[in-house]
Amino acid sequence: MSKILAFFKQHPIIATLLEIMVVAVILCTILIFWLDSYTRHGTATIVPSVRYLTVAEASDILSRKGFRCEVIDSLFNDRVAPGVVVEQTPDAESRVKEGRIIYLTINAFSPKKVTMPSLIDGSARQAQAILRALGFDNVRIEYEPSPYKDLVLDVLCNGRQVESGEKIPMTSRITLIVGMGDMPADSLTSETAAADSLIIDQSWIE
């Protein structure tokens, strides 16, 4: 033992380095134990299912399990009661540490509204693609006589005429009135002229 002490006295740098290494090992050990305690390593709780419950009910159940919850999004489904939870992250039955946040998506009270784009005088195929890209699922086509084949002549929302720029629910039934292309262009002109002359004749009689 005396030889070891004498060695360190003769080589103080080595003694200092050894002391630093010992202190570093002790500090690392303390840090590892503290992190395990702080993060509750190895302990987890099963997340309960809160789907189809109201936010208040879901918050109560989750808080009793040691979790917090936060509503981050909403979507609309007319087959589910409005205001209830439709999705949760993490999913039910997942093992999560207490105190973590469970993110909820709820069913909206009304469908999202979208601005109707300008579709008239465009092709029916392009109009369908635009509407489906916006999220409209209920889109149908009705044809009527016209010299312009596959050209959108009018747009109806739930049976009524809708203008571009108007906000309508995504669940609306959209009907595209499309030309059949079975009429020559000059027939349309002659029909319009005949209608105008009829109006003039009627006004003359009055």
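Note: the structure precedes this text.
Residues numbered from 1 in each chain as written. Predicted model: local features only at pLDDT ≥ 70, side-chain atom pairs only at ≥ 80, totals over all residues. Heavy atoms only, no water.

### Observations regarding the overall build of the chain
Piece 1. The number of helices and strands found in the chain is five helices and eleven strands.
Piece 2. Across the 206 residues that make up the chain, the buried fraction comes to 23%.
Piece 3. In the chain, of all internal contacts separated by at least 6 residues, the share reaching a separation of at least 24 is 70%. (Helix = DSSP H or I, 4+ residues; strand = E, 2+ residues; numbered from the N terminus. Buried < 20%, exposed > 50% of the residue type's maximum accessible area, 1.4 Å probe, protein only. Contact = heavy atoms within 4.5 Å.)

### Quick word on the environment of Leu 176
Piece 1. With respect to the element layout, Leu 176 can be found in strand E11 (residues 174-179).
Piece 2. As a C-alpha pair, Leu 176 and Val 139 span 37 residues in sequence and 7.6 Å in three-dimensional space.
Piece 3. When neighbours within four sequence positions are excluded, Leu 176 is seen to be in contact with Leu 119, Ala 124, Ala 127, Gln 128, Leu 131, Val 139, Arg 140, Ile 141, Glu 142, Val 152, Asp 154 and Val 155.

### Let's talk about the sheet that holds strand E8 (residues 152-157)
Two pairing modes exist for strands in a sheet, parallel and antiparallel, and in both the strands are linked by backbone hydrogen bonds.
Piece 1. Read from one edge of the open sheet, four strands run E7-E11-E8-E9, paired in mixed fashion. Single-partner strands in this sheet number two, and they are strand E7 (139-144) and strand E9 (160-161).
Piece 2. Of the strand pairs in this sheet, E8 and E11 are connected by five bridges, and their pairing is antiparallel. Paired with Cys 157 across the bridge in E11 is Ile 174. (Pairing = 2+ DSSP bridges.)

### Here we look at the environment of Gly 99
Piece 1. Within the element layout of this structure, Gly 99 appears in the loop between strand E4 (95-96) and strand E5 (101-107).
Piece 2. A relative accessible area of 29% means that Gly 99 is categorised as partly exposed.
Piece 3. Along the chain, Gly 99 and Gly 66 lie 33 residues apart, while their C-alpha atoms are 5.5 Å from each other.
Piece 4. The residues touching Gly 99, leaving out its near neighbours within four places in the chain, are Gly 66, Phe 67 and Arg 68.

### A closer look at the side chain of Thr 45
Piece 1. The residue Thr 45 is located in strand E1 (residues 45-46) in this model.
Piece 2. A distance of 3.5 Å separates polar atoms of two side chains, one belonging to Thr 45 and the other to Glu 98.
Piece 3. Non-local contacts of Thr 45, meaning those with residues more than four positions away in its chain, are made with Lys 65, Phe 67, Ser 94, Arg 95, Val 96 and Glu 98. (Polar contact = N/O pair within 3.5 Å; in protein donor to acceptor, adjacent residues only side chain to side chain.)

### Re unusual backbone geometry
Piece 1. Look at the link from Thr 89 to Pro 90: it is a cis peptide, with omega at 0 degrees.
Piece 2. With respect to the element layout, Pro 90 can be found in the loop between strand E3 (85-89) and E4.
Piece 3. Although it is not a glycine, Glu 93 adopts a positive phi angle of roughly 75 degrees.
Piece 4. Turning to its location among the elements, Glu 93 is positioned in the loop between E3 and E4.
Piece 5. Looking at Glu 93, the relative accessible area reads 60%, which means it is exposed.
Piece 6. The backbone phi angle of Asp 121 is positive, close to 75 degrees, even though this residue is not glycine.
Piece 7. As for its position among the elements, Asp 121 is in the loop between strand E6 (113-115) and helix H4 (124-134).

### Remarks on the environment of Val 71
Piece 1. Tracing the backbone shows Val 71 in strand E2 (residues 68-75).
Piece 2. Spatially, the C-alpha atoms of Val 71 and Val 85 are 9.0 Å apart, while their sequence positions differ by 14 residues.
Piece 3. Non-local contacts of Val 71, meaning those with residues more than four positions away in its chain, are made with Val 55, Leu 104 and Ile 106.

### Regarding a nonpolar patch on the surface
Piece 1. Among the surface-exposed residues, Leu 18, Met 21, Val 22, Val 23, Ile 26, Leu 27 and Ile 30 lie close enough to one another that they form a single nonpolar patch of about 660 Å² accessible area.
Piece 2. Relative accessible area serves as the criterion here: at 47%, Ile 26 is assigned to the partly exposed category. (Patch = residues over 30% accessible without salt bridge, like charges linked within 9 Å, V, L, I, M, F, W, Y side chains within 5 Å. Areas by Shrake-Rupley, 256 points an atom, 1.4 Å probe, with all protein chains shown as cover. Salt bridge = Lys/Arg side-chain N within 4 Å of Asp/Glu carboxyl O.)

### Re the sheet that holds E5
Piece 1. Here we have three strands laid out as an open sheet, ordered E2-E5-E3, and mixed in their pairing. Across the chains shown, the open sheet's two edge strands, defined by having one partner strand only, are E2 and E3. Taking each pair of neighbouring strands and ignoring which way they run, the sheet shows an average axis angle of 25 degrees.
Piece 2. Pairing analysis gives four bridges linking E3 to E5, with the strands arranged antiparallel. Within the sheet, the bridge partner assigned to Gln 88 lies in E5 and is Leu 104. (Axes fitted to C-alpha atoms, helices over the stretch in contact; angles between N-to-C directions.)

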